[in-house]
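# A structural walkthrough
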Protein chains: 2
Amino acid sequence: MPSLPNGRVIFNSVPEGYPIPGETTVYDTSQTIDLDNTALDGGFLMKTLEVSVDPYMRGRMRDPSIKSYASPFIIGESISGYGVAVVLRSEHPEVKKGDLISGMMSSSGFVINSALPTGSTGYQNYNICKTLDSWLAKFENPHNLPLSTFIGVLGMPGKTAFMGWKEHSHAKKGETAFVSTGAGPVGSLVVQLAKMDGLKVIGSAGSEEKLKFMKECGADVVFNYKTSKVADVLKKEGPIDIYWDNVAGETLEAALDAANINARFIECGAIGDYNSGKGVPVRNISRVFEKSISLNGFIQYRLEPKYLAEFYKTVPPLVASGKIKHREQVFEGLETVGDVILAVQKGQNTAKAVVHIADV
Amino acid sequence: MPSLPNGRVIFNSVPEGYPIPGETTVYDTSQTIDLDNTALDGGFLMKTLEVSVDPYMRGRMRDPSIKSYASPFIIGESISGYGVAVVLRSEHPEVKKGDLISGMMSSSGFVINSALPTGSTGYQNYNICKTLDSWLAKFENPHNLPLSTFIGVLGMPGKTAFMGWKEHSHAKKGETAFVSTGAGPVGSLVVQLAKMDGLKVIGSAGSEEKLKFMKECGADVVFNYKTSKVADVLKKEGPIDIYWDNVAGETLEAALDAANINARFIECGAIGDYNSGKGVPVRNISRVFEKSISLNGFIQYRLEPKYLAEFYKTVPPLVASGKIKHREQVFEGLETVGDVILAVQKGQNTAKAVVHIADV
């Protein structure tokens, strides 16, 4: 087979505010690959099928001298993230042609404080990897679910919701939970887990269509944060015992004001903060001691050793049976990734953003 | 016996910034009391011996329509707080002349969200109370410690340090703890508890003399926050696994930046916030999820059911033997209370502020 283009989404420059498609990231087709003859050096060649676009990716678009929980993207190299791929050829003893692989599409994984990628892999049509590990693993699909599911409700976002809730909610029947970005891939599963635990659930999102989805997920009270003041809603519907925080900023302030004694806050993300250049202030942190609140930060991958087996036992059957609702907005082709990244940062996507690249 | 003046410290007006002696509080001697004949109505008459001045009192100097963890002071009535008294006369079946009483010198206790005091008791020479409860109780003094000890290292501040540390530190030998206001009545005991647990301890305070006391308490690294930048010290001496927060604001920001993965923050107070009129912002709350930090707010009285017996078993013998160091700055007479309140808010007191009123 002759050489084919190996399309790539390249990290081009560190953005100051929102990432700019075509400037922050650039789609490039100059590299080619000979699928039959390219050297594998004991590794395996994968064709990328689906890639995920998630809010946390903004944090990787930084100066590599700044340390954080996820390694920075490297200028001139493909960006990386969660994806699904199929194996085309393999010299690896545990991997064979046709195997499905999911995880971090990067041979460097996602290691905290690592500034050094180990290879040119990532959001590109074809990747050669050397090893399987907890970041990149073979998977089975016994319920025949769409492959994109494995970067959504069965991937990082679903695991984030499940593991964060199990570890930190200490939910008791009859309590009240508030979930920000409650229609998103993480928040919508949190809403459903809270309802399964017998809680009253308040969810916020930014469009009528998202409010409708939160209702379908079982939320008791939904509101549009663009047209209602969070503080007003929580004053009426609270006090709250649990707050699932995906946004920080003013929403967190309102939740602190509306919290019950001994409330648990689950700090999952700060989308309101990612593009501000400097942190959005929280001015009422005193509520934390006044009300004996706990704020619990977590990163999903640090909880995997404790909860991964329980997650795979619990969630896939509920997804297959339709008891857990989830939804995706599918974009087509690597060339859309830059636009999708921006849409996700601005909350303009209508559901879990999935980019479909190829079929098996 | 003829009527005597019953000196009182009256709450006169809600301050905007720092409390102003003579304006926020006023010392008044217009009320008199006949110790032999005043009606007890089944209660008991106490002579106040010692009263405590503590940072949290600023929060009670508010508009009573604002709810918080401690009931507000009422304009025109005596302020209240922790004290030690001796019983002069009693009609109460469980109380007799000569009994020592400690706790909240107020018949209304300190009930969260309560805006209504039930009687004119508080920081005055003589109080008549009706009942004993968890807020006001008889105590024994088997180690013959100075009575002021029972509003200091054996009172609310000591209990705060002990119970907060036991509940939230999850200290492991070899870890590093940072204690703000480490020379204060709470912080200095935290420093000593952390050393007993085998930790490296960094302490901050605002004078050379306070740094010296932290060293005597065993702190490994001490610094003056007025002349050194917290962020610089923590960068050099951290990362930190535990932060005992008494101040919030910029110090909390620096601690978040210098925290290790899975760090525990114990949110005990926010002296930097009490007099600002509006909350002092925290701009890097994202560190909480990035580093899987937990912020644990608490109020000592809510932990009493769990830890009070252990506290009384553990701490008094260590104080009596000198193994736990503590110190007091003693002021004389109710007329000084307004000035002492201001000094404590500004950190100008040199040790636990105790106001001596009378001897047994």
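Check the entry above for the structure.
Please read all numbers here as calculations on a predicted model, not as lab measurements. (Residues numbered from 1 in each chain as written. Chains lettered and ligands numbered in written order. Predicted model: local features only at pLDDT ≥ 70, side-chain atom pairs only at ≥ 80, totals over all residues. Heavy atoms only, no water.)

To continue, consider the relation of the copies chain B and chain A. The operation relating chain B to chain A is a screw motion whose rotation component is 180°, with 0.0 Å of axial translation and a residual RMSD of 0.0 Å. Those values place the two copies in the arrangement expected of a two-fold rotation axis. Mapped onto chain A, 100% of the interface residues of chain B are again interface residues, and the two copies thus contact each other with one and the same surface. (Least-squares fit on C-alpha atoms with pLDDT ≥ 70 in both. Contact = heavy atoms within 4.5 Å.)

Take unusual backbone geometry next. Among all residues except glycine, the phi angle is most often negative; among peptide bonds, the trans geometry is most common. With an omega of 0°, the peptide bond between Gly238(A) and Pro239(A) qualifies as cis. Residue position: Pro239(A) is located in the loop between helix 4 (230–237) and strand 13 (240–245). For Asn144(A), which is not glycine, the phi torsion reads 55° and is therefore positive. With a phi close to 50°, Ser292(B) is a non-glycine residue in the positive phi region. Of note, Ser292(B) is situated in the loop between helix 7 (287–290) and strand 15 (294–297). With relative accessibility at 9%, the residue Ser292(B) sits in the buried group. (Helix = DSSP H or I, 4+ residues; strand = E, 2+ residues; numbered from the N terminus. Buried < 20%, exposed > 50% of the residue type's maximum accessible area, 1.4 Å probe, protein only.)

Right, let's talk about helix 2 (residues 187–196) of chain B for a bit. All names here are of chain B. In terms of residue burial, helix 2 counts as a mostly covered element, since 8 of its 10 residues are buried. Considered for burial, the residues of helix 2 that qualify are Gly187, Ser188, Leu189, Val190, Val191, Gln192, Leu193 and Ala194. The inward-facing, buried residues of helix 2 contact helix 1 (156–168), strand 10 (176–179), strand 11 (200–205), helix 3 (208–216) and strand 13 (240–245). Backbone geometry just downstream of helix 2 places glycine 198 in the positive-phi region, at approximately 85°.

The next subject is a positive patch on the surface. On the surface, a cluster of positive charge is made up of Lys278(A), Arg283(A), Lys278(B) and Arg283(B). On the accessibility criterion, Arg283(B) (34% relative accessible area) is partly exposed. (Patch = residues over 30% accessible without salt bridge, like charges linked within 9 Å, V, L, I, M, F, W, Y side chains within 5 Å. Areas by Shrake-Rupley, 256 points an atom, 1.4 Å probe, with all protein chains shown as cover. Salt bridge = Lys/Arg side-chain N within 4 Å of Asp/Glu carboxyl O. Lys, Arg positive; Asp, Glu negative; His and termini not counted. Charge placed at Lys NZ, Arg CZ, Asp CG, Glu CD.)

Attention now goes to the environment of Met104(A). Residues and elements named next belong to chain A. Within the secondary structure layout, methionine 104 lies in strand 7 (residues 100–104). Methionine 104 sits in the buried class, given a relative accessible area of 0%. Through-space distance from the C-alpha of methionine 104 to that of isoleucine 151 is 9.8 Å; in sequence the pair is 47 residues apart.

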